[in-house]
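Architecture and fold: a report
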Protein chains: 2
Amino acid sequence: MATIHDVARLAGISRTTVSRVLNCHPYVAEEKKQKILNAMKQLNYVPNSSAQRLRKVKTDTIAVFVPRITNPFFSHLVEVMENEAAMYGYQLILCQTQYSKKQEVKFLELLRTKQVDGVILTSIENEWRHVQPYVNEGPIVICNEYDDEAHVPSIFLNQVEGGYLGTKHLIERGYKKIAYCAGSERRSRLTRDRRKGYELAMKETGLDINEDWYQYNAISIEDGKKVFHRIKALKNRPEAIFTGSDEVAAGLLKAARDSGWRVPEDLAIVGFDNQPLAELLGLSTVKQPIEDMARHTMQEMIRAIQGKDHKKVTNLSFTLIHRTTT
Amino acid sequence: MATIHDVARLAGISRTTVSRVLNCHPYVAEEKKQKILNAMKQLNYVPNSSAQRLRKVKTDTIAVFVPRITNPFFSHLVEVMENEAAMYGYQLILCQTQYSKKQEVKFLELLRTKQVDGVILTSIENEWRHVQPYVNEGPIVICNEYDDEAHVPSIFLNQVEGGYLGTKHLIERGYKKIAYCAGSERRSRLTRDRRKGYELAMKETGLDINEDWYQYNAISIEDGKKVFHRIKALKNRPEAIFTGSDEVAAGLLKAARDSGWRVPEDLAIVGFDNQPLAELLGLSTVKQPIEDMARHTMQEMIRAIQGKDHKKVTNLSFTLIHRTTT
DNA sequence: TTGTAAGCGTTATCAA
DNA sequence: TTGATAACGCTTACAA
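Residues numbered from 1 in each chain as written. Chains lettered and ligands numbered in written order. Predicted model: local features only at pLDDT ≥ 70, side-chain atom pairs only at ≥ 80, totals over all residues. Heavy atoms only, no water.

- You'll find chain A entered in an unreviewed UniProt entry as LacI family transcriptional regulator, with Fictibacillus phosphorivorans given as the organism.

Quick look at the UniProt feature "domain: HTH lacI-type" (unreviewed entry) in chain A
- Listed under "domain: HTH lacI-type" (unreviewed entry) in the UniProt record, and renumbered for this structure, are residues 2-56 of chain A.
- Span residues 2-56 of chain A is 69% helix and 0% strand, its end C-alpha atoms 20 Å apart. (UniProt positions renumbered as here; feature names shortened; annotations may be inferred. Helix = DSSP H or I, 4+ residues; strand = E, 2+ residues; numbered from the N terminus.)

A closer look at helix α10 (residues 221-232) of chain B
- The first and last C-alpha atoms of α10(B) sit 17 Å apart over 12 residues, in line with the 16 Å expected at 1.5 Å per residue.
- For α10(B), the set of buried residues is I221(B), D223(B), G224(B), K225(B), V227(B), F228(B) and I231(B).
- Where α10(B) is buried, its residues meet α12 (276-281) of chain A together with β6 (178-181), β7 (214-215), β8 (240-242) and α11 (246-258) of chain B. (Expected span 1.5 Å × (residues − 1). Buried < 20%, exposed > 50% of the residue type's maximum accessible area, 1.4 Å probe, protein only. Contact = heavy atoms within 4.5 Å.)

Considering the packing of aromatic side chains
- Taken as a whole and assessed by the stated rule, the structure comprises 22 aromatic pairs over all chains.
- Taking 4.1 Å as the distance between ring centres and 20° as the angle between the ring planes, the aromatic pair formed by Y146(A) and F156(A) counts as stacked. Here Y146(A) is found in the loop between β4 (140-143) and β5 (154-157), whereas its partner F156(A) is found in strand β5, with 10 residues between them in sequence. Just as Y146(A) is buried, F156(A) falls in that class too.
- One aromatic cluster is present, built from ring pairs that chain together Y180(A), Y198(A), Y214(A), Y216(A), F242(A), F272(A) and F318(A).
- The ring of F272(A) has R194(A) lying over it, and the distance from NZ or CZ to the ring centre is 3.8 Å.
- Over the aromatic face of Y214(B) sits the side chain of R195(B), whose NZ or CZ is 4.0 Å from the ring centroid. (Phe/Tyr/Trp six-rings, centres within 6.5 Å; stacked < 30°, edge-to-face > 60°. Lys NZ or Arg CZ within 6 Å of the ring centre and 35° of its normal.)

Topic: the protein's contact with DNA strand C
- Near DNA strand C lie 27 residues; those nearest to it are T16(A), Y27(A), R55(A), I4(B) and R55(B).
- Considering the 4 Å shell around the protein, atoms of DNA strand C inside it are sugar or phosphate in 55% of instances.
- Contacts to DNA strand C include T17(A), whose side-chain N or O atom sits 2.9 Å from a phosphate oxygen.
- Note that a phosphate oxygen of DNA strand C is positioned 2.6 Å from one of the backbone N or O atoms of I4(B).
- Those elements giving two or more residues to the surface near DNA strand C turn out to be α2 (15-22) and α4 (49-56) of chain A together with α2 (15-22) and α4 (49-56) of chain B.
- Looking at the surface near DNA strand C, its residues break down into 11 nonpolar, 9 polar and 7 charged. (Near = heavy atom within 4 Å. Polar contact = N/O pair within 3.5 Å; in protein donor to acceptor, adjacent residues only side chain to side chain. Nonpolar A, V, L, I, M, F, W, Y, C, P; charged D, E, K, R; others polar.)

As for the domain arrangement of chain A
Residues and elements named next belong to chain A.
- Parsing chain A into structural domains produces domain 1 (4-45), domain 2 (57-157 + 290-316) and domain 3 (159-287).
- Just the C-alpha atoms count here: the centres of domain 2 and domain 3 sit 29 Å apart.
- Buried surface at the junction of domain 2 and domain 3, summed over both partners, amounts to about 1,100 Å²; 45% is from carbon and sulfur atoms.
- Taken together, the connections running from domain 2 to domain 3 amount to 1 salt bridge.
- Put simply, R189 and D148 hold a salt bridge, and the shortest N to O gap is 2.4 Å. (Domains from an automatic or database assignment. Buried area = accessible area lost by both parts, 1.4 Å probe. Salt bridge = Lys/Arg side-chain N within 4 Å of Asp/Glu carboxyl O.)

Remarks on the interface of chain A and chain B
- Contacts between chain A and chain B engage 46 residues on the former and 46 residues on the latter.
- For the pair chain A and chain B, the summed buried area comes to about 4,100 Å², and 54% of that belongs to carbon and sulfur atoms.
- The largest contributions to the chain A side of the interface with chain B come from E79(A), R112(A) and L280(A), which together make up 15% of the buried area.
- Taken together, the links from chain A to chain B amount to 4 salt bridges.
- Of the charged contacts, one joins K225(A) and E279(B) as a salt bridge, the two residues approaching to 2.9 Å between their closest N and O atoms.
- Connecting chain A to chain B are 16 residue pairs in polar contact (both at pLDDT 80 or more).
- Within the residue set of the side of chain A that touches chain B, elements represented by two or more residues are α4, α5 (72-87), β2 (91-96), α6 (101-112), α10 (221-232), α11 (246-258) and α12 of chain A.
- The greatest single-element share of the side of chain A that touches chain B, amounting to 7 residues, is contributed by α5(A).
- Across the side of chain A that touches chain B, the residue classes break down as 20 nonpolar, 14 polar and 12 charged.

Description of the side chain of Q275(A)
Residues and elements named next belong to chain A.
- Position of Q275 among the secondary structure elements: in the loop between β9 (268-273) and α12.
- For Q275, a relative accessible area of 5% puts it in the buried group.
- With near-sequence residues (within four places) excluded, Q275 lies in contact with P72, F73, D246 and E247.

A few points about the packing of α10(A) against α11(A)
Residue and element names in this part refer to chain A.
- Packing of α10 against α11 leaves a shortest axis separation of 6 Å and a crossing angle of 50°. Overall, the two elements α10 and α11 adopt an arrangement that is oblique. Crossing handedness for the pair α10 and α11: right-handed. Taking contact as the criterion, the partners of I221, G224, K225, V227, F228 and H229 in α10 are, on α11, E247, V248, G251, L252, K254, A255 and A256. (Axes fitted to C-alpha atoms, helices over the stretch in contact; angles between N-to-C directions. Parallel < 35°, antiparallel > 145°, perpendicular 65-115°, else oblique. Left-handed = near helix turned anticlockwise from the far one by under 90°.)

Some points on the relation of the copies chain A and chain B
- By a simple turn and slide, chain A fits onto chain B: the slide is 0.0 Å along the axis, the RMSD is 0.1 Å, and the turn is 180°. The symmetry that links the two subunits is that of a two-fold axis. Using C-alpha coordinates, one finds that chain A approaches the rotation axis most closely at I93(A), a distance of 2.3 Å.
- The share of interface residues of chain A whose copies in chain B are also at the interface is 100%, consistent with both copies meeting through the same surface. (Least-squares fit on C-alpha atoms with pLDDT ≥ 70 in both.)

Brief notes about the protein's contact with DNA strand D
- Lining the immediate surroundings of DNA strand D are 27 residues, of which I4(A), Y45(A), R55(A), R20(B) and R55(B) lie closest.
- What you see for DNA strand D is that sugar and phosphate hold 55% of its atoms within 4 Å of the protein.
- Contact between DNA strand D and R15(A): a base nitrogen at 3.4 Å from a side-chain N or O atom of the residue.
- Taken together, the elements giving at least two residues each to the surface near DNA strand D come down to α2 and α4 of chain A together with α2 and α4 of chain B.
- When grouped by side-chain class, the residues that make up the surface near DNA strand D number 11 nonpolar, 9 polar and 7 charged.

Quick look at the sheet that holds strand β9 (residues 268-273) of chain B
Residue and element names in this part refer to chain B.
- Across the sheet, 6 strands lie side by side as β7-β6-β8-β9-β10-β12; this open sheet has mixed pairing. The open sheet is flanked by β7 and β12 (319-321), the only strands paired with a single partner.
- Here β6 runs beside β8; their pairing, made up of 3 bridges, is parallel. Looking across to β8, one finds that Y180 is bridged to F242.
- Where helix α9 (residues 189-204) meets the sheet, it contacts β6, β7, β8 and β9, and its direction lies at approximately 175° from that of β6. (Pairing = 2+ DSSP bridges.)

Structure, rendered in structure tokens:
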């Protein structure tokens, strides 16, 4: 493997000047530049990036944390982030926390050991005080989630709005007994706010909320099925349900139909995200502007790496998509 | 940021010995080891991985190529690969080729610039002769795809079987006019073999194949819808269709129903992969052992990095899952 | 406009 | 069992 030294020797020019050509410095005579470029081509030279990293203290690599990449919401985020990162010459390291605090911390060490220039969190498992120390090691940007303690660039949506929008839609369609179903039990701002939106819409309309109608820890399709069976077992059943994801809504829908229920007549369902699945199943859903979030996040990350101050927190909005489950 | 030098100084011991502790070398006095460990803790020391990379010529990083991470087949592969890699202390760099030859080559450069220890290809855009030169730069392992020219560890399924299984199922359910729908048009072994399986099943039973029944370039849900409309426009319509993915099958199903067709009465559909979506929609499908493939692939990769010779190409098998679309 | 020389933080070699 | 010392391949003052 040819090194910068070999190139310099073959071209009869110093290593410094070769490095200058590599880094597009000004002040290199065109003639020598050509000689060097020739030598590089001849030796099939490529700079050794480990050496560059060490010297420049820069990895051109960004870590993206997601719970699991098979969750379509997160894979969509990551898809766009990777494309965006590649445009700016950055690579993405995929970190699946698997909803584990321990895994999350393990991956945060990447920042401390200088394996990445920055970390993007799309979901946060630990309380912020456990993440905070890593802020000194390099830029951390939050996407989707948010935390009041976290004073780092954050790209998120006002989830009060999201919860409100979905619930309001159900109310407008005439449902009165509306259940609420959320993802993680963890007291994140996101979860709290979305629920706040639900309660706001209910109270605003003077509708009662039954404690039994709160369902938590629903993330996957299977979880959705379980939620249905819990609801089915209630004495005071809701007529409609707001869910935190299209997967959960899909599971609910499947289990309901398998039990002979008609949707939306026996139970109306609203999903969240507007994934391809939602269209296929005819799920009414609250659409999140995933691509915009991902793009903004990556841009903030790159700004942060470049030491620029971050722009005001972006605030994008939701859209309700009405299909056949409401 | 503390360096090995600081630790050595604080412990009053040489850098060499500190490095020995770091690398779990034998021959370090327990007493000194403790002193060093203390100093490390006190200084909050972590080794600088850029320096380690440079010195060890090892990155502990593996690149995984997929067309797009939002394709559930590939995200499932990547999920398992990442988990497996993490277990062995490796990180994954996500490379989305976006079905582009150019992108693929760009990412292959990661191997040449020593940014990764190896590359896993889950789909191949370029002809093998364009990939071949990179084999000298580091281990390349193929997963899912395969190529006769490629003499590298390859983990794949016998797609003749897959095509045969799905088609045979349709035949056994009594369909005679069966169409065939495949992903990329590129003449990959995978595509050719799966088609071979289809033709084998048809010929074996003495069934005719109409040239119009071959549909290509179908990857996404949207593609599936298009395929339906092409089929609908045929004079000699098939009664059933074998598709190369659950997404395409889902698109077909949706478009068919939107056009008022009954499935399977007016058109039977077989998918491929057995993704969550397949269960939700009641799609009959050919299940691939994705997790096994991913795990085997990562193990082969790690063996290859360690310079071990690779085991015989693994050969796993398909299962047919019968639901309601056939 | 170019070159010399001094690191960046590790680890491998060799001698003690 | 330990420590000096020389790399690994590159960039960047500084000097010319």
